[in-house]
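# Observations on the model geometry
Read off the chains here:
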Amino acid sequence: MKELPVELWKEIFERAIEDSELLDPLYEHYPRRKWFRNPPGSYSRYTPPNIVNATARFYDATDSTLGDTNIRTKLAFASTSSQWRKIALPYLFRTVVFTTLRQLELLTALVRGSRYRYVDGPHNIRLLLEGKGTGYGAMIKRIDCRIHCQWQFITSVSSLID
Amino acid sequence: MRNDKADHVTYTDMISDLLRCCPNLRIYVNRNTQSGSPTPTPIINALSDIAIIPTQTYHDGTIVTNSNVPYCPIERLEWSGKEGLMVGDLTFLLRTTPFLRKLVLGPTFLCSSRLSDTLSDPQIPLQCLQSLHIDLTSLHRAYIRYTRRWLMPALQHLQVLIASVPWKADLLFLLDAVGENLISLHLKVPQHTSMLNEDWVDILLRCPNVSFLTFNASAMPVLPPKVILPNLRIVGLEGCLPDFRATNEYDRPESDRREQLTEHLTCLTARAGTLESIRMMDDEFLLMSGPNAEGFGTMGWEVPRRKKMTRELSTWKDWYTELKAAGITLANCDGDPIGCFK
């Protein structure tokens, strides 16, 4: 495994994650119902039970379930070994989607704190100690903000309590 | 428990903080469902600050910055949720994103409050903008007036959402400016919005070079035969389901819808010289691809509807045969031929 070049690992990761189209600025997402694509080339509204976990996938590339699957795949790559972590970190952070304020809060704290932990390119302890690392934020290419009326909801609940 | 205002402040602070940490951000998509309030100015400022001054390194190691040409990596901005955007903020943002390639503007836009919107910068160059989505269904669309200032020489794709709110003057004005270069035009029209044939002609006459045209077959008249579109290769039809069923209680009878689609297809067949493909944009047409045509894809549907779908397949077979004879491919929304009719 160690002898495989980084470029090859990147290609493998790219194919496994399947969200590269989201980085195309001209990519057009058509909101669709949850169709499953059943290989080869057929579609159904309900996935056959034998391919639930293996080959079926949501056709809609930005569907939240696929997003969850992607993030699990990315996390698995990043937590396999230190070598894979270096390769997988840019994939982990390149597209970030948040739907709640809590997610946004956690991500912002993580990105802000990473200036002390991560510097792009060769390791530079001086920059890290000074908090001048690039941080994980340098890897973020796309931010998708879909926060669902949280503050309105909280207000309505608090007014009910009052 | 936090209150409304505190949450909004937290949201503003956190997003701005995050954006300041993302010097390589290329795409910002805002689909927040919070309606009635504009995106806070600190977020706009943080987005506009994402600019890198390009440097040039010479052989002797000296690094020179070329501050005349700020490089901003942002290539796509999208406000397609319910959160608004001040027109002044939009104008300000567009000035600082010269490499923008796609701009999606949703329905909720609020009026301007900045003096600069009306006085300065008569032209905003958007040299790289290739794709623009605008929504003319809202009365709060003050920004559309400002498109007169936008210079969009590279614009190739325009998607417009129109409904019962008056739209014609705004759209025609925009098309006067950019219609000549358009390659792809997508007119999104909700069901039960009527469009006059004259309006349709006015629109098409302003887009003579369009090669990919998408419109709603159930809400719009047929493609006017008198408008010659020499480059038209692909037509996408929205608003027609494969089994012609009603989408709501106000919909017309099935026979009417079938007849209307026949008119559209007949009219399109007359353009057989240039037209290569008709795409049925409703995703349910995926069910008519390959093995699905035999009923596999309709598993889980109630039996009457599955039987009805099977019956309607014969109608589609007839159309498929006619179109094929004219050299036109019937395809699904992905452009894959609907290959079930052997």
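Residues numbered from 1 in each chain as written. Chains lettered and ligands numbered in written order. Predicted model: local features only at pLDDT ≥ 70, side-chain atom pairs only at ≥ 80, totals over all residues. Heavy atoms only, no water.

### Quick look at the state of the cysteines
Residue and element names in this part refer to chain B. Scanning the model with the defined rule gives 0 disulfides over all chains in all. Unpaired in terms of disulfides, Cys333 finds its nearest cysteine sulfur in Cys240, a separation of 12 Å. On the accessibility criterion, Cys333 (7% relative accessible area) is buried. (Disulfide = S-S within 2.5 Å. Buried < 20%, exposed > 50% of the residue type's maximum accessible area, 1.4 Å probe, protein only.)

### Observations regarding the environment of Tyr91 of chain A
Residues and elements named next belong to chain A. Locating Tyr91 in the fold gives a position in helix H3 (residues 82–93). Along the primary structure Tyr91 and Arg117 are separated by 26 residues, whereas in three dimensions their C-alpha atoms are 18 Å apart. Not counting the four nearest positions on each side in its chain, Tyr91 is found in contact with Lys10, Phe13, Glu14, Ile17 and Lys74. One polar contact links the side chain of Tyr91 to the main-chain carbonyl oxygen of Lys10, over a distance of 3.2 Å. (Helix = DSSP H or I, 4+ residues; strand = E, 2+ residues; numbered from the N terminus. Contact = heavy atoms within 4.5 Å. Polar contact = N/O pair within 3.5 Å; in protein donor to acceptor, adjacent residues only side chain to side chain.)

### So, the sheet that holds strand E10 (residues 184–188) of chain B
Hydrogen bonds between backbone groups are what pair the strands of a sheet, and the pairing can be parallel or antiparallel. Ordered in space as E4(A)-E5(A)-E1(B)-E4(B)-E5(B)-E7(B)-E9(B)-E10(B)-E11(B)-E12(B)-E13(B)-E14(B), the 12 strands form an open sheet in which the pairing is parallel. Two strands in the sheet have a free side with no partner beyond their single neighbour: strand E4 (95–98) of chain A together with strand E14 (329–332) of chain B. Taken over all neighbouring pairs, the strand axes of this sheet differ in orientation by 10° on average, direction set aside. Pairing of E10 of chain B with strand E11 (residues 212–216) of chain B, which is carried by 3 bridges, proceeds in the parallel orientation. Looking at the pairing, Ser184 of chain B lines up with Phe212 of chain B of E11 of chain B. Running over the sheet, helix H8 (residues 254–269) of chain B touches E11, strand E12 (234–238) and strand E13 (277–280) of chain B and is turned about 175° from E12 of chain B. (Pairing = 2+ DSSP bridges. Axes fitted to C-alpha atoms, helices over the stretch in contact; angles between N-to-C directions.)

### Focus on the confidence of the model for chain B
Overall, the predicted model of chain B reaches an average pLDDT of 81, with 80% of residues at or above 70. Under the prediction, the complex receives an ipTM of 0.81, its pTM being 0.82. (pLDDT = per-residue confidence, 0-100.)

### Regarding the packing of helix H6 (residues 168–178) of chain B against helix H7 (residues 197–205) of chain B
All names here are of chain B. One can describe the packing of H6 onto H7 by two numbers: an axis separation of 9 Å at closest approach and a directional angle of 20°. As judged from the angle between their axes, H6 and H7 are roughly parallel. Here H6 runs over H7; the crossing is left-handed. Together, Lys168, Leu171, Leu172 and Leu175 of H6 and Asp199, Asp202 and Ile203 of H7 make up the contact between the two elements. When its residues are assigned to classes, the contact of H6 with H7 shows 4 nonpolar, no polar and 3 charged. (Parallel < 35°, antiparallel > 145°, perpendicular 65-115°, else oblique. Left-handed = near helix turned anticlockwise from the far one by under 90°. Nonpolar A, V, L, I, M, F, W, Y, C, P; charged D, E, K, R; others polar.)

### Focus: the packing of helix H1 (residues 6–17) of chain A against H3 of chain A
Residue and element names in this part refer to chain A. Remark: H1 packs on H3, axes separated minimally by 10 Å, with the N-to-C direction vectors making an angle of 50°. Judged by the angle between their axes, H1 and H3 are oblique. Of the two elements, H1 crosses H3, and the hand of that crossing is right-handed. In this structure, H1 uses Val6, Trp9, Lys10, Phe13, Glu14 and Ile17 to contact H3, whose residues at the interface are Gln83, Trp84, Ile87, Ala88 and Tyr91.

### A word on the pattern of salt bridges
Residue and element names in this part refer to chain A. Counted under the stated rule, the structure contains 23 salt bridges over all chains. Lys74 serves as the salt-bridge partner of Asp19, at 2.9 Å between the closest nitrogen and oxygen. With a gap of 55 residues between them, Asp19 in the loop between H1 and strand E1 (36–38) and Lys74 in helix H2 (residues 64–78) connect regions that are remote in the sequence. Each member of the pair, Asp19 as well as Lys74, is classed as buried. (Salt bridge = Lys/Arg side-chain N within 4 Å of Asp/Glu carboxyl O.)

### Things to note about the packing of aromatic side chains
All names here are of chain A. Taken as a whole, this structure holds 13 aromatic pairs over all chains when the rule is applied. Ring geometry for Trp9 versus Phe13: centroids 6.0 Å apart, planes at 35°, classification tilted. On the criterion of helical spacing, the pair formed by Trp9 and Phe13 is a turn pair, its members being 4 residues apart in helix H1. When its relative accessible area of 0% is taken as the criterion, Phe13 is described as buried. The rings of Trp9, Phe13, Phe77, Trp84 and Tyr91 are connected pair by pair, giving a single aromatic cluster. (Phe/Tyr/Trp six-rings, centres within 6.5 Å; stacked < 30°, edge-to-face > 60°.)

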